[in-house]
Amino acid sequence: MKKLLLIMGLLLVLLLAACGGDEEETATNENSGNDSENTSSENNDSEDASSEDEEPTEVRIMSHFFSPTPPSEDNEVEQRIEEATNTELNIDWVSANNYPDRFNVVLASGDLPDLMLVPDPFSPVFRQAADQGAFWDVGPYIDDYPNFKKNIADIAWDLTAMNGKQYAIPRPRPSEGEGFFTVRKDWLDNLGLEEPTTTDELYEVMRAFSHDDPDGNGKDDTVGFIGYINDENMGSFGSFEGVFNGVNGEWGLQDGELVHRAFYPGTRDAIEYLAKAYEEGLIAADFASLQVSQARDIFKGGKAGVSVEKSGALQDVYDSLVQIDSDFEFKNLLPLTNLNGYNPKGPGFSGANAIPKSVPEEKMKKILAMYDRWMEEDVFMLHKHGIEGVHHTVEDGEIVIDTEKILADGIADHNQIVYVSDPYASTVKPTFPEEVQKMYADIQDEREKTSVGNIAVGLHSEIGITYLPELRKDAQDLKTKIILGSEPITAWDDFVEELKNDPDMQQLTKEINESYQSR
Amino acid sequence: MIDNEISTQKPTDVSAYTKMEKSPGKLKKFFKHVKRDRYLYLLALPGIIYFFIFKYVPMYGITIAFKDFSPFIGFTDSQWVGLQHFQRLFTGEDFWMLLRNTLAISFLNILFFFPLPIILSILLNELRSQVYKRTVQSLVYLPHFLSWVIIASLTFMLLGKSDGIINYFLNELGFGTFDFLTNPDVFWFLLTGQSVWKEVGWGTIIFLAAIAGVNTELYEAAKMDGANRFRQIWHVTLPAIRNVIIILLILRLGDVMEVGFEQVFLMYNGAVSEVAEVFDTYVYRVGIQQGQFSYSTAVGLFKSFVGLVLVVIANRMSKRFGEEGIY
């Protein structure tokens, strides 16, 4: 009995000690991590003379990454950025798959980093937080730092402003080069088909890709279109809706009034078109249960002929296809110019960065200075082309990229923090073969002539905060069911009819239009 | 020995508590008890501290279910809104759907999944070869250690419409393909099937332990009376493990509102949403994804409250039927 007691007592002591010790340990870990960074940046003689007289500022950044693994803490690119901007970066890389969840949770926890990516500056969560003064209004300060206005378009600043306050620093992106249909050119050639330019031609292409053995292996193992759907929207199937409506996004302008896309006849046409395609086996049978990456794997595995992709993200598709067939050429991934004369145009930015109010004013200015300096070519190029001798070499004045090394180090993830928009950046990556770079750039030039932007970016409705997520989900569930054939298309007509009389919908439309008029 | 000590000790403690409130004179007696059993209380202390710090203190956060919580205003300064969030839940369209789905999945589990470990453990118990029994036992435990992510992937690989193995065979045999994953009619059964596959072996542990504790003389006596193997199971084994079965059933009933977030979330897709959305996934969607913290807390609180009520009811019923409850 006594022995047992002794043991229990010891356990208790250990437990308590462990609890207390943990925090200390992590704290010292952080410190030692910083220390080592500190010394390493001191050891590498700083090039920037002006930064030497001041202590480097420690900046905690939270952002997302798309590469398989995030860049390591001690990577050389980051060290060079730290030297140039006189900072100590402490970057918390979060997978892009669940960044929005993480963002909401971090906001709720109150323990905010110094600079954080805001994936959707119009989300109710961010708006509410900003309204309550959680973030710095950088508007009055940015004029002191010339690169902000120089490198980020006015339209992006205007769209992300909230009641005249600039709580978010938009992340500039090229407005051209949005995700759109990409077709296997080699399959078109095998079957003697032309590049489709209308939805009817696309249908024929998808049919042939599904049933006429486009890869010539004698097996019926291919499918026309591969895509995924999200809980609240059509996912990559949204491109069909866009094409049929000629409208980009949730709201379209009709006689000067914004109208929700559910009321557009094109939405119904798109659903009917997809339902027919599904019935005839032109779309992957289990698309409704596929995750984004699973859908992509099917395209990457050479089992599907049409997919919705950003051209700039095709490297990874090519890398996979060339492993299956070593003769596969990059230019066989053909981005379509437009369908029925439509292709989407981006708003010129993607998300934003925000500085929480928990950061003192002095430090906030230093972060802006860092951001400003980072946008200059010599710093920004560090994560575009990498470091000379490590990620690229210069031969006859031309930069020769070491694709593998750049991908392995994941240096491009730093683009998620600071980026200087090059108009072709979403279409072409420096790792692509030269002829493909040219071909894609030409396609982008053609696309630019017909691209349609989303006019409802940044519009706000109070009732929409709770109503829109439900509406989107209900509409999407029904669309999915109709495409799968478990509901008839008339169910959509009933849904739309009901929606017309829904007082919440009327209120939403009114508020969105007011928001549009006041812009 | 220690077991006995504790179980005989407990009732006196409880009575001390209840009597204490009646007359202050008994307070002394209570402290006397505490003093007498101080080592037992000391033993319990780490557990009590654990529960207090990690289970009771965080409950303070429940208050946001009655507030219009905003992280930047903070816990204390957020405005009280009374039962507004509960009102929204109960009058919302989703409420009945959530309740129906949660209960349906749970009751299917109780109906199909609960009896299976009992049957399996009796079957295992009847095996003659100990080697064979041990091998089977170990093999059926294994799926318990797989994460739901793996099981969901296996399900997709087996049941997928375009490249699932089962559909491949169905198709080859001329039955055509069957839609398992995006079919609202079979979704609940799919979940039950997964739960059975994963947990049935693990569930046998407790029953096998209970069966092992049955006095072998009872079997011998039954044999003398001419009972065959089935009669022995019916008259000896089952009555002997009846209280274990009932206690586990009570615990399960308390979990009726918990259907396992991971499993449902992983199998969820737009085509089955109206049968797949349960309280747990709803809380995630509304709370974490849409950031409506107060409302989702209210939903979670309601769920827990129903669970508590169910445990109390089930416990009362078990006592009424002359069995031991869980408290």
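Residues numbered from 1 in each chain as written. Chains lettered and ligands numbered in written order. Predicted model: local features only at pLDDT ≥ 70, side-chain atom pairs only at ≥ 80, totals over all residues.

Under an unreviewed UniProt entry, the name given to chain B is Aldouronate transport system permease protein, and the source organism is Aquibacillus albus. The Sequence similarities (unreviewed entry) comment attached to chain B in UniProt states, word for word, "Belongs to the binding-protein-dependent transport system permease family." (UniProt positions renumbered as here; feature names shortened; annotations may be inferred.)

An unreviewed UniProt entry lists chain A under the name Aldouronate transport system substrate-binding protein, from Aquibacillus albus.

1. Let's talk about the overall build of chain B
When helices and strands are tallied, chain B shows 17 helices and 2 strands. The globule rule puts the C-alpha radius of gyration for 327 residues at 20 Å, and the 25 Å found for chain B is more than 25% above it. Along the first, second and third principal axes, the C-alpha set of chain B runs to 85 × 75 × 30 Å. Across chain B, the fraction of contacts at a sequence separation of at least 24, relative to all contacts at a separation of at least 6, is 62%. (Helix = DSSP H or I, 4+ residues; strand = E, 2+ residues; numbered from the N terminus. Rg over C-alpha atoms; globule rule 2.2 N^0.38 Å. Contact = placed C-beta atoms within 7 Å.)

2. Details of the environment of Ala456 of chain A
Residue and element names in this part refer to chain A. Along the chain, the position of Ala456 falls in the loop between strand 15 (451-452) and helix 18 (464-484). According to the C-beta neighbour criterion, Ala456 is buried, with 20 such atoms within 10 Å. For the pair formed by Ala456 and Asp154, sequence separation is 302 residues and the distance between their alpha carbons is 17 Å. (Buried ≥ 20, exposed ≤ 12 C-beta atoms within 10 Å, placed from the backbone.)

3. Some thoughts on helix 5 (residues 94-113) of chain B
All names here are of chain B. Here helix 5 spans 27 Å end to end across 20 residues, near enough to the 28 Å set by a 1.5 Å rise per residue. Among all positions in helix 5, only Leu98, Asn101, Thr102, Ile105, Ser106, Asn109 and Phe113 are buried. Along the axis of helix 5, the buried residues cluster in a sector spanning 115°; they form a single face. Those residues of helix 5 that are exposed and aimed more than 90 degrees away from the buried face are Trp96 and Leu111. Contacts made by the buried residues of helix 5 are with helix 6 (115-125), helix 10 (187-212), helix 15 (273-276) and helix 16 (279-289). (Expected span 1.5 Å × (residues − 1). Arc of directions from axis to C-beta.)

4. Here's the deal with the domain arrangement of chain A
Residue and element names in this part refer to chain A. Segmenting chain A into domains produces domain 1 (48-175 + 349-416) and domain 2 (180-344 + 431-517). Inter-centroid distance (C-alpha atoms) of domain 1 to domain 2 is 31 Å. Listing elements by their share of the side of domain 1 that touches domain 2, those giving two or more residues are helix 4 (124-131), helix 7 (154-160) and helix 16 (403-409). (Domains from an automatic or database assignment.)

5. A short note on the interface of chain B and chain A
With 25 residues of chain B at the contact, the number on the chain A side is 33 residues. Going through the elements one at a time, helix 3 (38-56), helix 15 and helix 16 of chain B are the ones with two or more residues in the side of chain B that touches chain A. Among the elements that line the side of chain B that touches chain A, the one with the most residues is helix 3 of chain B, at 5 residues. Among the residues making up the side of chain B that touches chain A, the classes are represented as 13 nonpolar, 10 polar and 2 charged. (Nonpolar A, V, L, I, M, F, W, Y, C, P; charged D, E, K, R; others polar.)

6. Examining the UniProt feature "transmembrane region" (unreviewed entry) in chain B
Residue and element names in this part refer to chain B. Per the UniProt entry, the sites bearing "transmembrane region" (unreviewed entry) are residues 39-57, 103-127, 139-159, 200-221, 233-251 and 293-314 in this numbering. Structurally, residues 139-159 is divided into 71% helix and 0% strand, and its ends, taken at the C-alpha atoms, are 23 Å apart. Between the end C-alpha atoms of residues 200-221 there is a gap of 32 Å, over a span that is 86% helix and 0% strand.

7. Here's the deal with the confidence of the model for chain A
Across chain A, the average pLDDT comes to 85, with 90% of residues at or above 70. Confidence over residues 17-51 of chain A falls short of pLDDT 50; this stretch has 20 contacts with residues more than four positions distant or in other chains. (pLDDT = per-residue confidence, 0-100.)

8. Overview of the nonpolar core
Residue and element names in this part refer to chain A. Counting residues in each nonpolar core, the largest one holds 80 residues, and the members touching the most others are Phe225, Leu274 and Ala284. Look past the residues within four positions of Leu274 in its chain and what remains in contact with it is Phe237, Phe240, Ile283 and Ile483. In terms of nonpolar packing, the next biggest core, distinct from the first, is built from 59 residues, Ala130, Trp136, Val138 and Met375 among them. (Core = buried A, V, L, I, M, F, W, Y, C linked by C-beta atoms within 7 Å.)

9. Quick word on the sheet that holds strand 12 (residues 349-354) of chain A
All names here are of chain A. In spatial order, the strands read 2-1-3-12-4; together these 5 strands make up an open sheet with mixed pairing. The sheet is open, and its two borders are formed by strand 2 (87-95) and strand 4 (169-172), each paired with just one other strand. Taking each pair of neighbouring strands and ignoring which way they run, the sheet shows an average axis angle of 25°. In this structure, strand 4 lies alongside strand 12, joined through 3 bridges in antiparallel fashion. In the sheet register, Pro170 faces strand 12, and the bridge partner there is Ala352. (Pairing = 2+ DSSP bridges. Axes fitted to C-alpha atoms, helices over the stretch in contact; angles between N-to-C directions.)

10. Focus: the sheet that holds strand 10 (residues 333-335) of chain A
Strand-to-strand pairing in sheets goes through backbone hydrogen bonds, with the strands running parallel or antiparallel. Residues and elements named next belong to chain A. One open sheet accounts for 4 strands, arranged 6-9-5-10; its pairing is mixed. For this open sheet the edge positions go to strand 6 (223-226) and strand 10, each flanked by a neighbour on one side alone. Going across the sheet, the axis of each strand differs from the next one's by a mean of 25°, ignoring polarity. Here strand 5 (residues 180-184) runs beside strand 9 (residues 304-309); their pairing, made up of 4 bridges, is antiparallel. Bridge pairing links Val183 to Val306 in strand 9.

11. What about the packing of helix 2 (residues 76-85) of chain A against helix 14 (residues 361-374) of chain A?
The packing of two helices is summarised by the inter-axis angle and the distance between the axes. Residue and element names in this part refer to chain A. Put simply, helix 2 and helix 14 touch, their axes get as near as 9 Å, and they point 115° apart. In this structure, helix 2 meets helix 14 at a crossing whose hand is right-handed. Along its contact with helix 2, which presents Ile81, Ala84 and Thr85, the element helix 14 presents Met370, Arg373 and Trp374. A class-by-class count of the residues in the contact of helix 2 with helix 14 yields 4 nonpolar, 1 polar and 1 charged. (Left-handed = near helix turned anticlockwise from the far one by under 90°.)

12. Section: the pairing of strand 7 (residues 251-254) of chain A
Bridge count between strand 7 of chain A and strand 8 (residues 257-260) of chain A: 4 bridges; the pairing is antiparallel. By the bridge assignment for strand 8 of chain A, Gly252 of chain A is matched with Val259 of chain A.

13. Details of the UniProt feature "domain: ABC transmembrane type-1" (unreviewed entry) in chain B
UniProt records the feature "domain: ABC transmembrane type-1" (unreviewed entry) for residues 99-314 of chain B in the present numbering. As annotated, residues 99-314 of chain B has a helix share of 75% and a strand share of 0%, and its two end C-alpha atoms lie 19 Å apart.

14. Structural notes on the domain arrangement of chain B
Each assigned domain of chain B is listed with its residue range as follows: domain 1 (2-57) and domain 2 (89-320). Between the C-alpha centres of domain 1 of chain B and domain 2 of chain B there is a distance of 36 Å.

15. Points about the pairing of strand 9 of chain A
All names here are of chain A. Summarising burial for strand 9: 5 of the 6 residues are buried, a large majority. As paired strands, strand 6 and strand 9 are joined by 3 bridges and run parallel to one another. Paired with Phe225 across the bridge in strand 9 is Val306.

16. Quick notes on the environment of Val106 of chain A
Residue and element names in this part refer to chain A. With respect to the element layout, Val106 can be found in helix 3 (residues 99-109). In the structure, Val106 is positioned 44 residues away from Met62 in sequence and 10.0 Å away in space, judged by C-alpha atoms. Discounting chain neighbours no more than four positions away, the residues touching Val106 are Met62 and Leu112.

17. Looking at unusual backbone geometry
All names here are of chain A. Here the phi dihedral of Asn86 falls at roughly 55°; this positive angle occurs in a residue that is not glycine. Summarising the element assignment, Asn86 is placed in the loop between helix 2 and strand 2. Classification of Asn86 by C-beta neighbours within 10 Å gives buried; the count is 21.

18. Re the confidence of the model for chain B
All names here are of chain B. Here chain B averages 85 in pLDDT, and 92% of its residues register 70 or above. Per-residue pLDDT stays below 50 along residues 1-20; that stretch engages in 11 contacts with residues further than four places along the chain or on separate chains. Scored by ipTM, the complex comes to 0.71, with pTM at 0.76.

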